[in-house]
Amino acid sequence: MARSNISSGSAFEAEIGYSRAVVVDDWVVVSGTTGYNYQTGEISPDVAEQAEQMLLNVDKALAEAGSCMADVVRVRYILPDRSEFPKTWPVLKKRFGEVRPAATMVESGLMKEEMKIEIEVTAKKGCGTRRP
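Computed from a prediction, not measured in an experiment: that's the story for all the values here. (Residues numbered from 1 in each chain as written. Predicted model: local features only at pLDDT ≥ 70, side-chain atom pairs only at ≥ 80, totals over all residues. Heavy atoms only, no water.)

Structural notes on the nonpolar core
One broad trend across soluble globular proteins is that nonpolar side chains are buried collectively. Within the largest apolar cluster, 28 residues are counted, with the highest numbers of intra-cluster contacts made by Val28, Leu55, Leu62, Val72, Tyr77, Phe96 and Ile119. Those elements that provide at least two residues to this core are strand E2 (21–24), strand E3 (27–33), helix H2 (47–64), strand E4 (72–79), helix H3 (85–96) and strand E6 (118–124). Here the element with the most residues in this core is H2; it accounts for 8 residues. Once residues within four sequence positions are removed from consideration, Val28 is found in contact with Ala21, Val22, Val23, Leu62, Ala65, Ser67, Val121, Thr122, Ala123 and Lys125. (Core = buried A, V, L, I, M, F, W, Y, C linked by side-chain atoms within 4.5 Å. Buried < 20%, exposed > 50% of the residue type's maximum accessible area, 1.4 Å probe, protein only. Helix = DSSP H or I, 4+ residues; strand = E, 2+ residues; numbered from the N terminus. Contact = heavy atoms within 4.5 Å.)

Some thoughts on H2
End to end, H2 covers 26 Å across 18 residues, agreeing with the expected 26 Å (1.5 Å per residue, within 8%). Inspection of H2 places Val47, Ala48, Gln50, Ala51, Gln53, Met54, Leu55, Asn57, Val58, Ala61 and Leu62 among the buried residues, and these make up the whole buried set. The secondary structure elements touched by the buried residues of H2 are strand E1 (3–6), E2, E3, E4, H3 and E6. Positioned one or two residues after H2, Gly66 has a phi angle of 80 degrees, which is positive. (Expected span 1.5 Å × (residues − 1).)

Remarks on the packing of H2 against H3
Two numbers describe how H2 lies on H3: the axes approach to 8 Å, and their chain directions differ by 25 degrees. Taken together, the axes of H2 and H3 are roughly parallel relative to one another. Every pair of crossing elements has a handedness; the one defined by H2 and H3 is right-handed. Between H2, through Val47, Ala48, Ala51, Glu52, Met54, Leu55, Leu56 and Asp59, and H3, the contact on the second element is made entirely by Lys87, Thr88, Val91, Leu92, Lys94, Arg95 and Phe96. Here the residues of the contact of H2 with H3 sort into 9 nonpolar, 1 polar and 5 charged. (Axes fitted to C-alpha atoms, helices over the stretch in contact; angles between N-to-C directions. Parallel < 35°, antiparallel > 145°, perpendicular 65-115°, else oblique. Left-handed = near helix turned anticlockwise from the far one by under 90°. Nonpolar A, V, L, I, M, F, W, Y, C, P; charged D, E, K, R; others polar.)

So, in structure tokens, the structure goes:
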């Protein structure tokens, strides 16, 4: 059983001691990911913009693991304010509308006040239809 760790370079990973994603055989488990731009350290105050950046962060981790969004089989969305979830639906549908992974939304506090959405993802490499 081969295992490898993927890092985004986020300061949180080093501070807390975790990996952005862990790959075991054909499975990719992506840690809770928020809408920070890891290049600039910035995060938008808008929940939909955070969702877009969050999915770009997940997409990058999956690509480094040899996978893609089409391989995602499970997602968990975490929001401190469940009333903001509908604002993210167009962004989520754009990425997952055809993939249709199993999903759960949970209302819970996040690590920092500026974080408005977080996602956890599990993917099975090669199970999805890759699109150009």
